[in-house]
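Coordinate inspection notes
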Amino acid sequence: MNARLFSALLLLLFAMPVAARDESRLIELPSGTLLQSLPRLGRQAGISISVADAKLWQSAVKPVRGRMSVQSALDRMLSGTDAHAVKVGVTSWRIQRRPSRAQLASRKSKSPRKRSQANAESRSKADESRPVEEIIVNASKISMPYVNYAGVVTILDGADLQFGGERGMDSILSRMATISSTHLGSGRNKLFIRGIADSSFTGPTQATVGQYLGDIRLSYNAPDPDLRLYDIDRVEILEGPQGTLYGAGSLGGIIRMIPKTPDPTETTLVASAGVSLVQHGAPGGDISATANIPIGETGHALRLVGYSISDGGYIDNPLLGLNDVNRTNIRGGRGTLRLDLGSSWTVDLGGIYQTIKAEDAQYADKNAPPLTRSSLVEQGAKARYRSAMVVIMKDWDNLHFQSSNAYVDHNLEERFDASVVSDTPRIFDQQNETRMLTSETRLSRPYQDGLGWVIGASFVDNRTRQTRDFGGENMRAAVVGVTNRITEYTAYGEASFELLPDILATGGLRYTHARLGGDGEDVNTLLALTQVGRAITAKRKEEDLLPSASLLATLGKNATFYARYQEGFRPGGLSIDGSFVQRFRNDHVSTYDAGMRFGRKGVTPFDATISISHSRWRDIQADYIDANGFPTTANIGDGKITSISGSMAVRPVTGLSLELGAVYNKSRVTQLSAGLQLAQATLAGPPADFLSPVSVPAVGRLGRIPNVASHAVRGSANYETVIGDEDFRIQGWASYVGRSRVGIGPQLGEGQGDYVDSGIAARIGNDARGLTLTMTNLLDSRGNRFALGTPFVPGSDGYLTPLRPRTIRIAVDVAY
C-alpha cells in the first residue's frame, strides 16, 4: 500500500467534519406485542433493536402510523407500558424497563463519577442481550423466533466479527467449529458444513454451501468470493440441507450475511486504519470507511462502504531468490441506495465490487525449512467479483412481500507450477468465468400467534466457462476446457403452526425444473469425430422435489427439543475427461437431525445446544486427478455422514462471557459407482488406501470423504468493563482442527490438519474513537491447514499450507 496515500487517507478520516441530521420516515405498525412489532420496525427503519429484559417481549404495544423519527415511533409504540427506548449507537436502540422512583432517587444521590460508572455497568449488562435480528431467524423467511426454530442456527454479531480486524471468511471460521474450508488462498476456497465436502479444486461442481448477502445469492458453482465483512449487521449460519427454502447448492447449509441498511435519519461516517507486522514475513496494512447519507426529507438514504487491505507475505522461494512472495491485496466496496416510495414500499438498489490479487501461492514444501518453497513458477491468482442488485419490499399488517434480483459477474484466474524437478518451467493456467442472473419473489406471514408461512418462486440462469492452458513461460497451448449452463425454475412453500400447546410443526416442499447444457472448449474436433461414444456437447432436463418436516417441543421454561428431516441436491453437468468432456449426474443428500437447547442465549447466565445428524449422500460429485495429471470431476459413489455438535456459553459475572463449541464427524464412502468398481476390479495386487493408476478416483478401504476433520474444538473468552471514562474490551480465542485428507486418489491422499490456532484482541475507547491491538497465532504454530499446493507434484513429496505466522496489528477507528 502506498505510504503517502495511506497517510493522507488517515489524516482525512480524523479531519473530515460530518453534520448530523434528524430525518423522518413513514412508519406503519399495527397493534400487537413487542415481539411482533419490533421486527417490522427494524425492517421499515433500517435499525437494530435489543431488549434487555426478556419479560418485555410479550408486552402489548400501540399501533404507530405516520411520518416521524425513529425515536418518536418508539415513544408512541411504548407509551403506556413500563418500557422505554434508549439509543445506543448510530442505528442501534435498546428497549429496557423504566427505572422505579427509588432507582431514580438513588441515581440523583450519586456523584457524577459514580453515576457514570453505574451507567457503564448498566450498559455492559444490557449489551449482553442480542439484537432483535439475532433473536429472530430471518433466514427462516418467516421471521421465526430463535426459540421456535427447529434446527441448528448460529448467529454471529457483525461488530464481533470485525472486532480486532476484518479477516473475511476467516473471521467466521475462527468462531465456528462446524465450518471448514480449503486454503488455496483468498477468493479460491471452498466451504463445507457438517462434513458435506466434495473436493479441493475449483471445478464445475456447484458449491455445497449456499452463500447470501441479505437475500441475494452470491454464487452458484464458483468458490467463496471471500467478501470483506465491513458494515455487516450479523451473519446467520443454518446447518444441514436447506433445499426447501434455498434450493440447489445448500447440501451442507447456508451462510447468510446481513448488511446494515441505509438510515434516513442521520449522516454518519465510520472509518478505521491499521498496520500489521508479520513475524518471519512482510508488514501489511488496512483502511476502511463507511458513510451513511440521508437524501432529502423523503426517507431516502445512501450507504457506502470502501476498503483496501494488503496482507504481507511470509513464504520464501530460494530457487528464485525471492522472499515473502505471497502478498495478497484486496480492494473493494459496496453501496446501497434505499428509496422510500410510501405506503410501506421500499426499493434497495445496490452493488458490490471486490478484487483480490495474490502475488504467489501460500503453500510450502513439506520436507524443506519452514515457510519455504522451491518452485520455478510464480503461482499468482486474481479474483474479481461484481454484482448489481434490486430488492423490492412491502409490509402489510400481517404480510411481507419481497422480490430480490441480482446479476453476478465472477472471474477467477489461477496459475499452478507444473514443472518436473530440474526441468524448465512449465505452467498450468486455469480461468473460470461465471455469469449469473438470479431472482426470487416471495410472500410471507411472519410467525406470530402460532402460525407463519411463506410461498415463493425463483429463477436462476448460470453460465460458467472454464478454460485451461499448459506449456512454457513464453508459449502455452490450450487444453480441453468446458462450459456449463443451467436455467432453474423453482416454486416452494413452507408453513409452521402450533400443532398442540408447546408443540410446533413445520412442513414444506420445493419443486425444481432445471435445463442443463454444456460444451467442450478447445476440443480437437477431428479427434472427436473418430472416437465413438465420446461427446463434446450435452443437454438434458432435471426435475426434483425437496420436502422438509420438523417438530419442536418446549420442555419447560428454558428447554426445547426438535427433530427435523430435510433434503438437498446439486444438478449435474459436464467435466473434462482427457481430451473430451464427460457428464456427471446430480447428487442428493437426505438428513435426519435431532437436538436440544437449554437456556436462552443472551438472557440466561447459561445456555447450551447439542445436536446429532445423519446424512445419506447419493452419487457424490467429487474431483480427482485424471491420467494426464489434470483435475476432473465424476460421481464416485454413495456415502454416509454422522455429525455430533454442541456449544455452550456461560456468563458468570457482569461483562464476562465464556463460550465453547465442538464437532465430531464420521464420514465414509459406502458404495463406489459402477464405473469405479469395474476399474478397481481390473487392478492387480492387494487393496490399498488409495488405488492406482491416477486415472482411477478411488477411495479404497478407508473411504473417508475429503477435507473434513474428524473433530474440531473452539473456545473463547470475552470481557468488557469501563476504565475511567473509556470502554475496554478484550477477547481471546483458541481452536483445534483434527486430521483430514486433502482429496481422492494417490495424488491427493496427503494428510492435513491436527493444529492449534489462537488469537487475542483488545480495544479501549468509546463510540467516537478507539485504539485496538490484536495478535493472532499466539504460539506461532506452523500446522498444515491444507495439503494441496499444485496437483502436478508426485504424491510422495508433499506440500503443506502453514498458518499465517504470529501477527500483531495496531489500529485506530473513528466515528462522526
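Residues numbered from 1 in each chain as written. Predicted model: local features only at pLDDT ≥ 70, side-chain atom pairs only at ≥ 80, totals over all residues. Heavy atoms only, no water.

What to know about the overall build of the protein
So the rule is basically this: Numbering of helices and strands starts at the N terminus; helices are DSSP runs of H or I of at least 4 residues and strands are runs of E of at least 2. Exposure classes here rest on a 1.4 Å probe applied to the protein chains alone. A residue is buried below 20% of its type maximum, exposed above 50%, and partly exposed in between. Residues count as neighbours in contact if any of their non-hydrogen atoms are within 4.5 Å of one another. In these tables, accessible area is a Shrake-Rupley quantity obtained with a 1.4 Å probe, and a residue counts as shielded only by the protein chains included in the view.
Across its full length, the protein carries 11 helices and 42 strands. Within the protein, the proportion of its 816 residues that are buried is 57%. Sequence separation of 24 or more characterises 67% of the internal contacts of the protein that already satisfy a separation of 6 or more. Split by element, the accessible area of the protein, about 32,200 Å² in all, is 57% carbon and sulfur.

Considering the pattern of salt bridges
We count it as follows: Any carboxyl oxygen of Asp or Glu within 4 Å of a side-chain nitrogen of Lys or Arg constitutes a salt bridge here.
Under the definition given, this model contains 35 salt bridges. The closest approach of N and O atoms between D198 and R570, which form a salt bridge, is 2.7 Å. Residue D198 is located in the loop between β12 (191–193) and β13 (209–213), and its partner R570 is located in strand β30 (residues 559–570); the two are separated by 372 residues in the primary sequence. Residue R570 is classed as buried on the basis of its relative accessible area of 0%. For R234, the salt bridge is made with E236, and the minimal N-O distance between the two is 3.6 Å. Like E236, R234 is buried. Taken together, the shared-partner salt bridges in this structure form one network comprising K141, D215, D233, R234, E236, R256, E440 and R442.

Describing the sheet that holds strand β6 (residues 83–87)
Threshold: Paired strands, as defined in this entry, are two strands with at least two bridges between them according to DSSP. Here an axis means a line fitted to C-alpha atoms, over the contact stretch when the element is a helix, while the angle between two N-to-C directions is reported on a 0 to 180 degree scale.
Strand order in the open sheet formed by three strands is β3-β7-β6, and the pairing between neighbours is mixed. Where the open sheet ends on each side, the last strands, each with one partner, are β3 (48–51) and β6. Strand-to-strand, the axes of this sheet are offset by a mean angle of 25°, without reference to chain direction. Of the pairings in the sheet, the one linking β3 to strand β7 (residues 92–97) comprises four bridges and is parallel in character. Note that in β7 the partner of V51 across the bridge is I95. This element, helix α2 (residues 34–45), spans β3 and β7 of the sheet and lies at about 160° to β3.

What about the nonpolar core?
Put simply, the rule is: Here the nonpolar core consists of buried residues drawn from Ala, Val, Leu, Ile, Met, Phe, Trp, Tyr and Cys, with membership extended through side-chain atoms lying within 4.5 Å.
I172, I179, V235, I237 and I255 are the most contacted members of the largest nonpolar core, which totals 36 residues. Counting residues per element, the ones that place at least two in this core are α8 (169–173), β12, β13, β15 (232–239), β16 (253–259), β23 (381–395), β24 (400–417) and β28 (503–521). For this core, the leading source of residues is β23, giving four residues. Excluding residues within four positions of it along the chain, I172 makes contact with L156, L161, I179, L229, V235, I237 and I255. Grouped together as the second largest cluster of nonpolar side chains are 23 residues, A45, V70, L74 and A85 included.

Looking at the packing of α2 against helix α3 (residues 70–78)
Put simply, the rule is: In this scheme, roughly parallel covers angles under 35 degrees and roughly antiparallel covers those over 145, while 65 to 115 is roughly perpendicular and the rest are oblique. Here a crossing is called left-handed whenever its near helix is offset anticlockwise from the far helix by less than a right angle, and right-handed whenever the offset is clockwise. For this scheme, ten residues count as nonpolar: Ala, Val, Leu, Ile, Met, Phe, Trp, Tyr, Cys and Pro. Four count as charged, namely Asp, Glu, Lys and Arg, and the remainder, Gly too, count as polar.
At a closest axis distance of 12 Å, the pairing of α2 and α3 adopts a crossing angle of 165°. Of the possible angle classes, the one that applies to α2 and α3 is roughly antiparallel. Crossing hand, α2 versus α3: right-handed. Residues L34, S37, L38, L41 and A45 of α2 touch α3, and the partners they reach there are V70, A73, L74, M77 and L78. Of the residues belonging to the contact of α2 with α3, the class tally is nine nonpolar, one polar and no charged.

Description of the sheet that holds β13
The strand order across the open sheet formed by five strands is β10-β15-β16-β13-β14, and the pairing between neighbours is mixed. Since the sheet does not close on itself, it has two edges, and those belong to β10 (153–157) and β14 (216–217), each with one partner.

Topic: a nonpolar patch on the surface
Counted only if it meets this: Only residues whose relative accessible area exceeds 30% and that take part in no salt bridge are eligible for patches, with like-charged residues grouped when within 9 Å of each other and nonpolar side chains (Val, Leu, Ile, Met, Phe, Trp, Tyr) grouped when within 5 Å.
A surface patch of nonpolar side chains, amounting to about 750 Å² of accessible area, comprises F598, F606, I610, I612, I644, M648, L660, Y664 and V713. If you list the elements that add at least two residues to the nonpolar patch, you get β34 (606–625), β35 (631–650) and β36 (656–672). Sort the elements by how many residues they give to the nonpolar patch and β34 lands first, with three residues. Looking at the secondary structure, you find I610 in strand β34.

Here's the deal with unusual backbone geometry
A positive phi angle is found at R194, which is not glycine, with a value near 60°. For D754, which is not glycine, the phi dihedral falls at a positive 60°. By the secondary structure assignment, D754 is in strand β39 (residues 751–765).

Some thoughts on α3
Going by this rule: This arc corresponds to the set of directions leading from the helix axis out to the C-beta atoms.
Buried residues of α3: V70, A73, L74, M77 and L78, and no others. Burial along α3 is one-sided: seen end-on, the buried residues are contained in an arc of 115°. Directly after α3, the chain includes G80, whose backbone phi takes a positive value near 90°.

As for α2
Using the following cut-off: The span expected for a helix works out to 1.5 Å for each residue beyond the first.
With 12 residues, α2 should reach 16 Å at 1.5 Å per residue; the first-to-last C-alpha distance of 16 Å fits that figure. Inspection of α2 places L34, Q36, S37, L38, P39, R40, L41, G42, Q44 and A45 among the buried residues, and these make up the whole buried set. Looking at the residues trailing α2, positive phi occurs at G46, about 65°.

A short note on the pairing of β15
Burial within β15 is extensive, with eight of its eight residues counted as buried. Of the pairings in the sheet, the one linking β10 to β15 comprises five bridges and is antiparallel in character. Counted as the bridge partner of D157 is R234 from β15. Two elements, β15 and β16, share seven bridges in a ladder whose sense is antiparallel. What sits directly across from E239, in β16, is G253.

Things to note about the environment of V270
Considering the arrangement of structural elements, one finds V270 in strand β17 (residues 268–278). Separated by 39 residues in sequence, V270 and D231 place their C-alpha atoms 9.3 Å apart. Residues within four places of V270 in sequence aside, it is in contact with S288, A289, T290, V814 and A815.

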